[in-house]
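Given next are the chains, with one letter for each unit.
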Amino acid sequence: MENQYFTSDELHVKNRAFLWGDSVKVSFFLRNGGLIMDEECYFFLMASMRKMRLNIPLTYTLEFFQTLFQKEIIEGKGISNGIINFQVFRNNDGMTLAKSSVSYFYEVTEMADVLAVHQRPLELDLIKEINVNNNLLSNIRVHCPENIYGVIYAQENDLDDVILLNPNKRIARTTAGNLLFLEGDVIKVPKQTEGAYISPLMENFVTFLHKNNLADIQEHEIIAFESQKAEEILMISDEKGMFSVGKIRNKTFETSRFSGLVESWKKSFNS
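The paragraphs below set out a description of the structure included in this document. (Residues numbered from 1 in each chain as written. Predicted model: local features only at pLDDT ≥ 70, side-chain atom pairs only at ≥ 80, totals over all residues. Heavy atoms only, no water.)

Details of empty space enclosed by the protein
Inclusion rule: We place a 1 Å grid over just the protein atoms. Points where a 1.4 Å probe fits but has no way out form a cavity, open points with protein on both sides within 12 Å along at least 5 of 7 lines form a pocket, and any residue with an atom within 4 Å of a point lines it. Grid points are joined across faces, edges and corners, and a volume is the space filled by probe spheres set on the points. Under the grouping applied here, Gly and all other residues not named as nonpolar or charged are polar, the nonpolar ones being Ala, Val, Leu, Ile, Met, Phe, Trp, Tyr, Cys and Pro and the charged ones Asp, Glu, Lys and Arg.
Taken as a whole and assessed by the stated rule, the structure comprises one cavity of 30 Å³ or more. Put simply, the largest cavity is a space of about 50 Å³. Considering the residues around the largest cavity, the lining is formed by Arg141, Ala176, Gly177, Asn178, Tyr197, Ile198, Ser199, Ile236, Ser237, Asp238 and Glu239. Split into classes, the residues belonging to the lining of the largest cavity amount to four nonpolar, four polar and three charged.

Structure representation (C-alpha cells):
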C-alpha cells in the first residue's frame, strides 16, 4: 500500500528541510486504532527540536498530536496500525534562525502490527569506509549523509542494511536503527555515547524485559568482532519496525528467543 502523506502547509521547494536538511524526525506508533507510547514519542520530539534549536510552538502539546493523528489518520484514512514518521522543519521567516517558525510533514506506513518482528531475517555487513559521530546530534534523527551512503552500499552489495561504526571503530547502529545482541541471558546494547539512536520503541522493549526479569540488559561499548559472538541479534527501527538479523558475513544467527521476548512484550499492551 502506498504511504499516506500529510503537511501543515503547502510544501515549497524553497524550504530549509529540502535545501539544508534543517529538520528533525520522530516516529509515532499506531496499534489497534490508537496511539501507543505516545508520551515517550512526544517528549523525544520535544527534546530533538530543542537540540536542533527549533522554535517549539505553544500549540505543540501532547493533546495536539493525539487529536491530529486521531482526526487525520485513524478517522480520516481509516488506518489503525502503522508507523507515523513525523518531520518538523524550520521556515525562512524569522529575523534569526532560532526565531523562525516551523512546519511539519509526515507520512504513514501502514502495517499489520508495529510490534511484530518482520518475517524475513536481515542480512547485514560492517562498513568501514565511513563512520558516524557520537555527539549530541548523533542520537536524534536528523539529516545524515552517512545513512544515505550506507543504504546505497547495502543495495549494491545485496544486503538489507549495514552496521555503522563510530570513530573509535566500535558499533554504533545500522542506517535504520539500533542493534541488540543476545548472549545467554544478557542483552548487550550499544551506548548512546557510541552513536546509537535514542529510540522510544527500543527503550520501551528493554524496560519491559528488565522489569519482568526476562533478560539482563547491559549497555556496552561493543567492538565490531563482537557481532560474530552473539547468539541472536535484533534490529529495532523506530522508522521501519523490528527485524531479526539472520546473517552477518558467514555467520548465521538464530531468531527464536528474541521472537519469544517480543511476543511477551506485545501481550503487555493487551492487558
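Digging into the packing of aromatic side chains
Formally: What counts as a ring pair is set by centres within 6.5 Å for rings of Phe, Tyr and Trp (its six-membered ring), and what kind of pair is set by the plane angle: stacked under 30 degrees, edge-to-face over 60, tilted for all other angles. Note on conventions: DSSP H or I runs of at least 4 residues are helices, E runs of at least 2 residues are strands, and numbering of each starts at the N terminus. Classification of residues uses two cut-offs on accessible area relative to the type maximum, computed with a 1.4 Å probe and protein chains only: under 20% is buried, over 50% is exposed, and between them is partly exposed.
If you walk through the whole model with that rule in mind, you get 18 aromatic pairs. Ring geometry for Phe64 versus Tyr104: centroids 6.5 Å apart, planes at 70°, classification edge-to-face. With Phe64 in helix 3 (residues 62-75) and Tyr104 in strand 5 (residues 102-110), the pair connects residues that are 40 residues apart, well separated along the chain. Where Phe69 meets Tyr106, the ring centres are 5.4 Å apart and the plane angle is 80°; that geometry is what we call edge-to-face. Residue Phe69 is located in helix 3, and its partner Tyr106 is located in strand 5; the two are separated by 37 residues in the primary sequence. Here Phe69 matches Tyr106 in class, with each residue buried. Ring-pair connections join several aromatic residues into one group, and the members of that group are Phe28, Tyr42, Phe43, Tyr60, Phe64, Phe65, Phe69, Phe86, Tyr104 and Tyr106.

Some details on the pairing of strand 4 (residues 82-90)
The condition that has to hold: For two strands to be treated as a pair, DSSP must find at least two bridges joining them.
Where burial is concerned, most of strand 4 is hidden: nine out of the nine residues are buried. Both faces of strand 4 are covered, namely the face carrying Gly82, Ile84, Phe86, Val88 and Arg90 and the face carrying Ile83, Asn85, Gln87 and Phe89. Sheet analysis places strand 2 (residues 23-31) next to strand 4, joined by eight bridges and oriented antiparallel. Counted as the bridge partner of Leu30 is Gly82 from strand 4. When strand 4 meets strand 5, the two strands line up antiparallel, connected through nine bridges. The residue bridging Gln87 from the neighbouring strand is Phe105, located in strand 5.

Considerations on the nonpolar core
Nonpolar side chains in soluble globular proteins tend to end up buried together. Defined as follows: We call a set of buried Ala, Val, Leu, Ile, Met, Phe, Trp, Tyr and Cys residues a nonpolar core when their side-chain atoms join them within 4.5 Å. For this analysis, residues touch if any pair of their heavy atoms sits within 4.5 Å.
Ranked by size, the top nonpolar core spans 56 residues in total, and within it Leu45, Phe86, Tyr106, Leu180 and Phe205 carry the most contacts. What Phe86 contacts, discounting residues up to four positions off in sequence, is Val24, Lys25, Val26, Phe28, Leu45, Phe65, Leu68, Phe69, Tyr104, Phe105 and Tyr106. Leu124, Ala176, Phe181 and Val245 belong to the second-largest nonpolar core, a separate cluster that totals 18 residues.

What about the layout of surface pockets?
Taken as a whole, the largest pocket holds about 620 Å³ of empty space. Lining the largest pocket are 25 residues, and of these Lys25, Gln87, Val142, His143 and Glu239 sit closest to its centre. Of all the secondary structure elements, the ones that give two or more residues to the lining of the largest pocket are strand 2, strand 4, strand 5 and helix 4 (145-156). Considering only residue class, the lining of the largest pocket consists of 12 nonpolar, eight polar and five charged. In this model, the second largest pocket occupies a volume close to 240 Å³. What lines the second largest pocket is a set of 15 residues, among which Leu137, Ser138, Val142, His143 and Cys144 lie closest to the centre. Among the residues making up the lining of the second largest pocket, the classes are represented as eight nonpolar, five polar and two charged.

Some details on unusual backbone geometry
The backbone of Asn32 sits at a positive phi, close to 55°, despite the residue not being glycine. Looking at where Asn32 falls in the secondary structure, it is placed in the loop between strand 2 and strand 3 (34-36). Among the residues examined, Asn32 registers a relative accessible area of 58% and is labelled exposed. A positive phi angle, near 55°, is found at Arg53, a position not held by glycine. Checked against the element boundaries, Arg53 lands in the loop between helix 2 (38-51) and helix 3.

Regarding a nonpolar patch on the surface
So the rule is basically this: Like charges within 9 Å and nonpolar side chains (Val, Leu, Ile, Met, Phe, Trp, Tyr) within 5 Å are joined into patches, using only residues over 30% in relative accessible area that form no salt bridge. To measure how exposed things are, a 1.4 Å probe is used in the Shrake-Rupley method; for residues, cover is taken only from the protein chains shown. Here, a salt bridge means any Lys or Arg side-chain nitrogen found within 4 Å of an Asp or Glu carboxyl oxygen.
Together, Val13, Phe18, Leu19 and Trp20 line one region of the surface with nonpolar side chains, adding up to about 500 Å² of accessible area. Its location among the elements puts Val13 in the loop between strand 1 (4-7) and helix 1 (16-20).

Remarks on the pattern of salt bridges
Under the criterion given, the structure shown has 15 salt bridges. With a shortest N-O distance of 3.6 Å, Lys266 and Asp113 are connected by a salt bridge. Here Lys266 is found in helix 6 (residues 256-268), whereas its partner Asp113 is found in the loop between strand 5 and strand 6 (117-127), with 153 residues between them in sequence. On the basis of relative accessibility, which here comes to 13%, the residue Lys266 falls in the buried class. For Arg141, the salt bridge is made with Glu239, and the minimal N-O distance between the two is 3.7 Å.

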